[in-house]
Amino acid sequence: MERSERAEDLLEAVWIAVVEEGDNSASFEALNVKADDAALLDLERKALVEIKGERVYLRSEGRLAGEKVVRRHRLAERLMMDILDLKGSNANAKACEFEHLLNEGVDTRICTLLNHPTTCPHGRPIPPGECCRAARRAADIGVVPLTEMKVGQEGEIAYLATSDAKKMQKLMSLGVLPGNRVRLNRRFPSFIFHVGNSEFAVDEQLAREIFIRTGKSE
């Protein structure tokens, strides 16, 4: 069911007012809409909300759809702040733009990349998806720092989290690149691991900035 970005933003606001804040509906004033708002009328036409007077009520279909929008927004926030290291209002603005690009397949990948986070950077809960429930059932811990791997464990490099350009260049020059397979050989006195046919040693601080997708074999 295709919706405009503004319609999704309105649905998200109504969902938060009703589900998280406990109101039975959201007012036109709170949503900053008028009765003839095209996005609002679109939500009503698609049976996601019901309009009575100057109040907007969430229908059962809208509750499920709104939950998915909120999940995408909060995953986008985590991606912007945790991975892309964007902070403050700029991160929130980018998350608002990015959430509309996350269809259900992409949001599952982002959620797995982020290791199925349960809260957004502001501490609000992220509604779990099927990928989160499947990961819990399988005890699949997803993406972890190299420091959390066991000796002998293998995985695939998911991403490098360092914001230090020199460190990033060092890792890339070593061949530590997303998509490459890695095997941890030792944890002490430094972290020693194999990538391809080469063996590398890094200190704990740098090892914490290398994130591995575990449990994935070629």
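Along each chain, residue indices are assigned from 1 in the same order as the chain's sequence is written. Side-chain atom pairs in this predicted model are given and counted only at pLDDT of 80 or more, local residue features only at pLDDT of at least 70, and totals for whole chains, interfaces and linings cover all residues. Excluded from the side-chain calculation are hydrogens and water; included are all heavy atoms of the structure.

If you check an unreviewed UniProt entry, the protein appears there as Transcriptional regulator from Syntrophotalea acetylenica. UniProt positions are given in the numbering used here, feature names are shortened, and annotations may be inferred rather than shown by experiment. Under the Subcellular location (unreviewed entry) heading, UniProt states for the protein: "Cytoplasm". Word for word, the UniProt comment on the protein under Subunit (unreviewed entry) is "Homodimer."

Caption draft 1: Focus on the packing of helix α4 (residues 60-83) against helix α5 (residues 88-99). In the contact formed by α4 and α5, the axes pass within 8 Å of each other and the chain directions differ by 135°. By the angle between their directions, the pair α4 and α5 is classed as oblique. Note that α4 runs across α5; the crossing there is right-handed. Contacts between α4 and α5 involve V69, R72, H73, A76, E77, L79, M80 and M81 from the former and G88, A91, N92, K94, A95, C96, F98 and E99 from the latter. Classes in brief: Ala, Val, Leu, Ile, Met, Phe, Trp, Tyr, Cys and Pro nonpolar; Asp, Glu, Lys and Arg charged; the others, Gly included, polar. The residue inventory of the contact of α4 with α5, partitioned by class, reads 9 nonpolar, 3 polar and 4 charged. Axis geometry follows a simple rule: fit a line to the C-alpha atoms, using only the stretch in contact for helices, then measure angles between N-to-C directions, giving values from 0 to 180 degrees. In this text, helices come from DSSP runs of H or I with a minimum length of four residues, and strands from runs of E with a minimum of two, each type numbered from the N-terminal end. Any angle that falls under 35 degrees is termed roughly parallel, while one over 145 is termed roughly antiparallel, one within 65 to 115 roughly perpendicular, and all others oblique. It is the rotation of the near helix from the far one that decides the hand of a crossing: anticlockwise by less than a right angle makes it left-handed, clockwise makes it right-handed. Contacts are assigned to residue pairs with any non-hydrogen atoms lying within 4.5 Å of each other.

Caption draft 2: Just the pairing of strand β8 (residues 198-202), in detail. In this sheet, β8 lies alongside strand β7 (residues 191-195) in antiparallel orientation, the contact comprising 5 bridges. For I192, the partnering residue across the bridge sits in β8 and is A201. Criterion used throughout: strands pair if DSSP finds at least two bridges between them. In textbook terms, the turn of a hairpin is the stretch between consecutive antiparallel strands, and for β7 and β8 this stretch comprises 2 residues, one of which, G196, has a positive phi near 65°.

Caption draft 3: Examining unusual backbone geometry more closely. The omega torsion across F188 and P189 is 5°, close enough to zero to call that bond cis. Within the secondary structure layout, P189 lies in the loop between β6 (181-186) and β7. Located in the positive-phi region is A47, a residue other than glycine, with phi close to 60°. Residue class for A47 comes out partly exposed when judged on its relative accessible area of 23%. Phi at H116 takes a positive value of approximately 50°, unusual for a residue other than glycine. Residue position: H116 is located in the loop between α6 (104-113) and α7 (130-138). Each residue is assigned to one of three classes by its accessible area relative to the maximum for its type, calculated with a 1.4 Å probe on protein chains only: buried under 20%, partly exposed between the two thresholds, exposed over 50%.

Caption draft 4: Molecular detail of the sheet that holds strand β2 (residues 49-52). In space, the 3 strands of this open sheet follow the order β1-β3-β2, with antiparallel pairing throughout. Of all the strands in the sheet, the pair left with one neighbour each is β1 (26-27) and β2. Taken together, the 4 bridges between β2 and strand β3 (residues 55-58) define a ladder with antiparallel strand orientation. If you follow E50 over to β3, its bridge partner there is Y57. Against the sheet, helix α3 (residues 38-45) contacts β2 and β3, and its axis sits at roughly 115° relative to β2.

Caption draft 5: View of the sheet that holds β8. Strand order in this open sheet of 6 strands is β4-β9-β5-β6-β7-β8, and the pairing throughout is antiparallel. Whereas interior strands pair on both sides, the edge strands pair on one side only; in this sheet they are β4 (143-145) and β8. Pairs of neighbouring strands in the sheet enclose a mean axial angle of 40°, with direction left out of account.

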